[in-house]
Amino acid sequence: MSAGRTSPFVALSRAIVLGFLRDKASVFFAIIFPLMFLVLFGGIFGSQGQSKVDLIQVGDVALVDELSPAARAAFDDTFEVSRLDDLDEAVEEVRKGDADVAIEMRGDVLVAHYTQTDPTKAAITQGALRAFVDGTNVAQSGQPPRFSLSTEQVEDDSLETIQYVTPGLLGWAVAMSAAFGAAATLQGWRQSKLMRRLQLAPVSTRTVVGARVAVTVGIALVQMAIFVGLGAAAFGLTLTGSWWMAIPLVVIGTLCFMSIGLLAGAITTTTEGAVNAANFMVLPMAFLSGSFFPLEGSPRWLQVVSQALPLRHLNDGMLDVMVRGQGPAAALLPMGILAAFAVVVTLVAARLFRWETS
Amino acid sequence: MAAISVHDVVKTYGSLRAVDGVSLEVGEGEFVGILGPNGAGKTTTLEIIEGLRRPDSGSVELLGEKVWPRNAGLLPRIGVQLQASSFFERLTAREQIHTFASLYSVPTAAADDWLERVGLVDKVDTRVEDLSGGQAQRLSIACALVHDPDVVFLDEPTAALDPQARRNLWDLLAGLNDSGRTVVLTTHYMDEAEVLCDRVAIMDAGRILQFDTPAALVRGLDSPTRITVAPGQLDVADARGLAGVSDADEAPDGVVLTTREPARVVATLAERDLLDGVRVQTGTLEDVFLSLTGREYRA
Ligand SMILES: Nc1ncnc2c1ncn2[C@@H]1O[C@H](COP(=O)(O)OP(=O)(O)O)[C@@H](O)[C@H]1O
Ligand SMILES: [Mg+2]
């Protein structure tokens with residue numbers, strides 16, 4: 001900055017950032033629009049999510065009271081326990097929906113009074129109670145059980161809505177703004193001949209492309225900070241151990257979707273056309289990649305097809321490290337797939353790009 | 001040494017010969033215009049000289065160096081205004097030219113000087129989208145000159161401006177080669193080429209038909225002089241009988257006499273006291289174009 005001089009890289013980056021911030025539509029679609037979805041899913045549907053099961057314990061329930069500390073912790077993770085002494089009163093609470101289940105001991109039998117109003121919760125309640133009963137039987141008899149129950153990982157079903165939607169919506173937001181940014185820049189700069197003009201300035205292509213990439217990656221990281229910040233502050237999002245691996249994931253995901261934007265810009269002749277083409281590629285992909293709803297309950301074919309979509313891998317990677325508690329290595333395969341997509345799509349875009357639009 | 005030396009350059013698009021064997025020498029400090037109707041090949045020629053497009057054949061030297069492939073050493077020495085407003089979107093005039101200054105590693109103070117010189121001081125905080133056509137052209141010219149290049153290329157800098165804005169811009173353009181800078185501009189306005197340029201290359205259908213000073217071009221034309229006498233002073237038959245007049249016609253602004261002996265005719269008109277409101281027109285570049293192509297000039 002000395003003597004009023006700025007490096008070409010900094011000057012270009014600043015010009016691009018200002019152009020972005022002053023374009024209300026870009027800011028809206030990159031930040032506000034996805035946040036509206038986050039608030040919608042996290043705030044409104046969130047209350048119907050799989051939160052803890054409200055359990056009323058009537059009188060002494062030996063099974064629960066005598067749980068080992070580890071089992072007790074697991075029990076408390078699943079159930080929000082309150083106590084009542086009157087069974088009728090407790091059952092009435094369940095009937096009214098103020099609680100999900102009431103339990104009492106009749107001799108050696110644990111009796112659970114539950115409601116079918118929310119079938120998912122009812123299933124979780126029954127399954128969980130059965131598991132505790134079986135576990136306690138094994139612990140007390142000292143005998144290995146004759147039958148064992150194998151459990152499938154059901155973490156996604158048990159993830160609270162906010163845990164699920166934050167990575168998915170973030171993936172969509174990053175994909176959208178990276179693709180739009182690249183598509184609009186390529187077309188806009190070609191239309192206005194600014195790209196030609198920059199060719200005649202003593203700056204390398206690397207500097208120009210580098211500035212555009214740096215700004216887009218910066219925007220993606222800001223999106224991430226806002227999503228995670230708002231999710232945690234307002235909707236109880238809790239990140240798991242290696243969430244920081246989502247940062248390199250977002251960076252590579254941004255590159256990947258910039259390449260898709262370049263492709264959209266290369267195959268179209270106007271800025272509007274380029275943005276529409278980018279939208280046409282990203283929006284269906286967001287649906288098919290589980291950005292808006294979990295794929296676990298979707299048809300088999302969809303799950304297979306979605307494996308071919310880069311956003312699926314970005315979403316999966318972020319879910320794994322941000323909320324499923326997987327180790328840092330879980331992000332590596334998605335990162336590799338996204339990088340491969342980025343390289344291939346960029347090469348295709350470069351082949352299809354024409355200087356002339358006429 | 002010539003600032004620009006173009007030798008037999010050809011550029012085809014499919015079967016169209018957009019530039020069809022152009023040769024051109026421009027001296028240092030010269031102000032040269034390429035004049036021709038739309039589609040003549042002016043922009044293509046200019047972009048080949050700048051090194052933006054590769055010619056099919058022929059060679060270009062700019063300041064003694066090859067322009068193709070991209071010659072990074074040459075770029076700081078040339079300034080360009082392309083035939084479009086090549087701006088960064090949504091920046092103000094000042095941000096715009098500061099960005100260009102940084103691309104050329106020039107202090108921003110030099111950029112501010114140029115804003116002043118092109119008369120945009122009170123528009124520095126206006127976004128480029130909100131500038132008028134003339135202001136945008138001025139900013140674009142300032143951005144082309146911010147690094148004080150030795151050669152500057154301006155592609156139709158006055159296109160799409162109203163006549164007043166066009167004339168205002170001429171003052172700015174006329175001063176560009178004062179300090180020894182070489183200027184090449186394209187235009188489809190005859191009057192502009194005549195007023196601004198030391199030499200004019202007349203271009204049509206990819207070829208340069210003639211390249212000379214405006215005066216020499218007109219002189220070489222050997223066209224008759226037209227003298228217009230104010231209406232109501234002379235009837236056509238009478239006019240045809242005057243010594244030295246080869247033809248006479250009624251026109252809305254008077255009677256037009258055609259002659260190859262203008263001095264003699266003017267003397268006769270003076271004797272008859274008919275000189276009030278007389279207009280004398282020798283050949284124009286328009287006549288040059290007509291005689292070179294056999295077509296009326298239409299921009
Ligand atoms: N990229 C291109 N592809 C095909 N034809 C082109 C291209 N650029 C220019 N032309 C054609 O070449 C001719 C010369 O164009 P141009 O140099 O732009 O003329 P001018 O600047 O004198 O108006 C025109 O007929 C134009 O249509
Ligand atoms: Mg042109």
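Residues numbered from 1 in each chain as written. Chains lettered and ligands numbered in written order. Predicted model: local features only at pLDDT ≥ 70, side-chain atom pairs only at ≥ 80, totals over all residues. Heavy atoms only, no water.

1. Concerning the overall build of chain A
Piece 1. Looking only at helices and strands, chain A has 15 helices and 4 strands in total.
Piece 2. When burial is assessed residue by residue, chain A has 45% of its 358 residues classed as buried.
Piece 3. The long-range share in chain A, meaning contacts at least 24 apart out of those at least 6 apart in sequence, stands at 77%.
Piece 4. Summed over its atoms, the accessible surface of chain A is roughly 17600 Å², and 62% of this surface lies on carbon and sulfur atoms. (Helix = DSSP H or I, 4+ residues; strand = E, 2+ residues; numbered from the N terminus. Buried < 20%, exposed > 50% of the residue type's maximum accessible area, 1.4 Å probe, protein only. Contact = heavy atoms within 4.5 Å. Areas by Shrake-Rupley, 256 points an atom, 1.4 Å probe, with all protein chains shown as cover.)

2. Here's the deal with the site of ligand 1
Piece 1. Around ligand 1, the neighbouring residues are Glu-356 of chain A together with Tyr-13, Leu-16, Ala-18, Pro-37, Asn-38, Gly-39, Ala-40, Gly-41, Lys-42, Thr-43 and Thr-44 of chain B.
Piece 2. In this structure ligand 1 sits where residues from chains A and B come together.
Piece 3. Thr-43 of chain B is positioned with one of its side-chain polar atoms (N or O) 2.7 Å from an oxygen atom of ligand 1.
Piece 4. A distance of 2.5 Å is found between an oxygen atom of ligand 1 and a side-chain nitrogen or oxygen belonging to Thr-44 of chain B.
Piece 5. The protein chains hide 70% of the 560 Å² of surface that ligand 1 would expose on its own.
Piece 6. Mapped onto the shell around ligand 1, the elements with two or more residues apiece are β2 (16-27) and α1 (42-50) of chain B.
Piece 7. Its residues placed into classes, the shell around ligand 1 shows 5 nonpolar, 5 polar and 2 charged. (Near = heavy atom within 4 Å. Polar contact = N/O pair within 3.5 Å; in protein donor to acceptor, adjacent residues only side chain to side chain. Nonpolar A, V, L, I, M, F, W, Y, C, P; charged D, E, K, R; others polar.)

3. A closer look at the domain arrangement of chain B
Piece 1. Looking at the assigned domains, one finds that chain B contains domain 1 (2-220) and domain 2 (224-282).
Piece 2. Relative to domain 2 of chain B, the C-alpha centre of domain 1 of chain B lies at a distance of 42 Å. (Domains from an automatic or database assignment.)

4. Considering a negative patch on the surface
All names here are of chain A.
Piece 1. The grouping of Asp-60, Asp-85, Asp-86, Asp-88 and Glu-89 at the surface amounts to a negative patch.
Piece 2. Relative to the assigned elements, Asp-60 resides in the loop between β1 (53-58) and α3 (62-65).
Piece 3. We classify Asp-60 as exposed; its relative accessible area is 66%. (Patch = residues over 30% accessible without salt bridge, like charges linked within 9 Å, V, L, I, M, F, W, Y side chains within 5 Å. Salt bridge = Lys/Arg side-chain N within 4 Å of Asp/Glu carboxyl O. Lys, Arg positive; Asp, Glu negative; His and termini not counted. Charge placed at Lys NZ, Arg CZ, Asp CG, Glu CD.)

5. Some details on the coordination of the magnesium ion (ligand 2)
Piece 1. Taken together, the protein ligands of the magnesium ion (ligand 2) are Thr-43 of chain B (OG1) and Gln-83 of chain B (OE1), with distances of 1.9 to 2.2 Å. Taken together, the residues span a long stretch of sequence, with Thr-43 of chain B in helix α1 and Gln-83 of chain B in the loop between β6 (78-81) and α2 (93-103) at a distance of 40 residues. (Donors = N, O, S within 2.8 Å, 3.2 Å for Na, K, Ca; no water.)

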